[in-house]
Amino acid sequence: MAKRCGVGEICVIDGNQIFGEGSFYCALGEAVNGPGGYFGSTLDGLADCLASSRNGSAPFKLVWEHFSGAQERMGASLAASAMDVLRESGVDVTLR
């Protein structure tokens, strides 16, 4: 059973495991919801998942390790757009 990050919990994604758009959504889904977890497969889907998980506070904190390599592999535009969606939804994102 997948676990859901609670408010204030820290979720971590490893940018070394991100090779493109699909693996980004997979890594984020598993960081937030556990193995096999889903958290969108497009930017609109990500925004929908974030909106449905809100309960008045930031849904979770996200640490994105090895961000620069992931950004290069998934494309700077997609990485920037994903960051915008996350931050606009109140996610506290730390890039490493």
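Fair warning: this is a prediction, and the values are worked out from it, not measured in the lab. (Residues numbered from 1 in each chain as written. Predicted model: local features only at pLDDT ≥ 70, side-chain atom pairs only at ≥ 80, totals over all residues. Heavy atoms only, no water.)

Asker: Help me out: how do you make sense of the packing of aromatic side chains in this one?
Answerer: Aromatic ring pairs are reported here in terms of the distance separating the ring centres and the angle at which the planes meet. Within the structure shown, the criterion is met by four aromatic pairs. Consider the rings of Phe24 and Trp64, whose centres lie 5.2 Å apart with planes at 20°: the pair is stacked. Remark: Trp64 occurs in strand 2 (residues 61–65) and Phe24 occurs in helix 1 (residues 21–33); sequence separation between them is 40 residues. You can call Trp64 buried: its relative accessible area is 0%. Here the aromatic rings of Phe39 and Phe60 are separated by 5.9 Å at their centres, their planes lie at 70°, and the arrangement is edge-to-face. Placement of the pair is Phe39 in the loop between helix 1 and helix 2 (43–53) and Phe60 in the loop between helix 2 and strand 2, with a sequence separation of 21 residues. Each member of the pair Phe39 and Phe60 is classed as buried. (Phe/Tyr/Trp six-rings, centres within 6.5 Å; stacked < 30°, edge-to-face > 60°. Helix = DSSP H or I, 4+ residues; strand = E, 2+ residues; numbered from the N terminus. Buried < 20%, exposed > 50% of the residue type's maximum accessible area, 1.4 Å probe, protein only.)

Asker: Whenever I open this one, the sheet that holds strand 1 (residues 10–14) confuses me. Can you help?
Answerer: Strands belonging to one sheet form pairs held by backbone hydrogen bonds; the direction of such a pair is parallel or antiparallel. Pairing within the open sheet is parallel, and its three strands lie in the order 1-2-3. The sheet terminates laterally at strand 1 and strand 3 (92–95), the two strands that pair on one side only. When the angles between neighbouring strand axes are averaged without regard to direction, this sheet yields 20°. Bridge count for strand 2 against strand 3 is four bridges, and the pairing is parallel. Bridging across to strand 3, Leu62 finds its partner in Val93. (Pairing = 2+ DSSP bridges. Axes fitted to C-alpha atoms, helices over the stretch in contact; angles between N-to-C directions.)

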